[in-house]
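Chain and residue survey
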Amino acid sequence: MPDVASDVVLEVRGLSFSYEDVPVLCDLSLEARAGQLVALVGDNGAGKSTLMGLILGSLRPQAGSIRLFGDDASAHAHHADIAYVAQDAVRSYRHFPTTVRELLGVHLRHLKRRGAADELLDTVGLREHLSKALSQLSGGQLQRVGLLLALVRDARLILLDEPTAAVDARFTDELYRLLRRLADEGRTVVVITHHLAEAAPFADRAVRLRAGACAEIPPAQWKEAAL
Ligand SMILES: Nc1ncnc2c1ncn2[C@@H]1O[C@H](COP(=O)(O)OP(=O)(O)OP(=O)(O)O)[C@@H](O)[C@H]1O
């Protein structure tokens, strides 16, 4: 019989977190398994980015636990297994005097990967912009650079914080198709989004964060639940 528990890549149990005396997450539980694409939706301020910080270990839970690949997240034991696309991706270093090619080269050398980027460059639509400086790129193109740098890690768990905020409808569709493919290959994808309708055709599960609690949204309600 398959070991179902070993399939669980992300496991959050009874998680609570407050900034000083402002409670943000309260007794939150959720899990994501290998091969799943999970959409995490919630209004502004519902705690989605805070939850990402807790999963990534930059914040510590005040109660409850977060396990990644079976280990406590605070052990930082799985850096190489996790890719994270932040909300503002590489925007903060857009003024660095570097091109997309140079930036990608640094990452590939660091990861000791070769030739892995070709298909991804096409997928994220950046091949024709390789020689451009980051300062010459639009917000949406910078978002794609952030996604590219995350995907070259070839991680088993991919976390994305509003990856479609600055990109057009066509790229949004391509992005979700790619994320679906990555999940079908056995990876786990967790996407924070305000637009459940965009993610719905591709997601296995949708979870809504609201006032510190979280609830599974049944597929029949995915259309109405879109924020
Ligand atoms: N460093 C901080 N110190 C104090 N309060 C914070 C801090 N970061 C976030 N908050 C508060 O915690 C709550 C949750 O914020 P968070 O950024 O996690 O929400 P979110 O769901 O990601 O919101 P959005 O959709 O607007 O990105 C908000 O009320 C926010 O004001």
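If you're wondering where the values come from, they're calculated on a predicted model, not measured in any experiment. (Residues numbered from 1 in each chain as written. Predicted model: local features only at pLDDT ≥ 70, side-chain atom pairs only at ≥ 80, totals over all residues.)

1. Focus: the pairing of strand β3 (residues 37-42)
On a regular strand, one side chain projects to one face of the sheet and the next to the other, so that they alternate. Counting buried positions over the six residues of β3 gives six, a clear majority of the element. Here β3 shows a buried face lined by Leu-37, Ala-39 and Val-41 and a second buried face lined by Val-38, Leu-40 and Gly-42. With five bridges joining them, β3 and strand β8 (residues 188-193) adopt parallel strand pairing. Looking at the pairing, Val-38 lines up with Val-190 of β8. One ladder, built from five bridges, connects β3 with strand β9 (residues 205-210); its direction is parallel. The partner of Leu-40 across the bridge, within β9, is Val-207. (Buried ≥ 20, exposed ≤ 12 C-beta atoms within 10 Å, placed from the backbone. Helix = DSSP H or I, 4+ residues; strand = E, 2+ residues; numbered from the N terminus. Pairing = 2+ DSSP bridges.)

2. Re helix α1 (residues 48-56)
Burial in α1 covers these residues: Lys-48, Leu-51, Met-52, Leu-54 and Ile-55. Projection of α1 onto a plane perpendicular to its axis shows the buried side chains occupying an angular sector of 160°, all on one side. The first or second residue beyond α1 is Gly-57, which carries a positive phi of 85°. (Arc of directions from axis to C-beta.)

3. Side note on the confidence of the model for the protein chain
Taken as a whole, the protein chain shows an average pLDDT of 84; of its residues, 90% reach a score of 70 or greater. We note a pTM of 0.85 for the whole complex and an ipTM of 0.96 for its interfaces. (pLDDT = per-residue confidence, 0-100.)

4. Focus on the site of the ligand
Near the ligand, the surroundings consist of Tyr-19, Val-22, Val-24, Gly-42, Asn-44, Gly-45, Ala-46, Gly-47, Lys-48, Ser-49 and Thr-50. At the level of secondary structure, the elements contributing two or more residues to the shell around the ligand comprise β2 (22-33) and α1. At three residues, α1 tops the list of elements feeding residues into the shell around the ligand. Residue composition of the shell around the ligand, by class: four nonpolar, six polar and one charged. (Near = placed C-beta within 6 Å. Nonpolar A, V, L, I, M, F, W, Y, C, P; charged D, E, K, R; others polar.)

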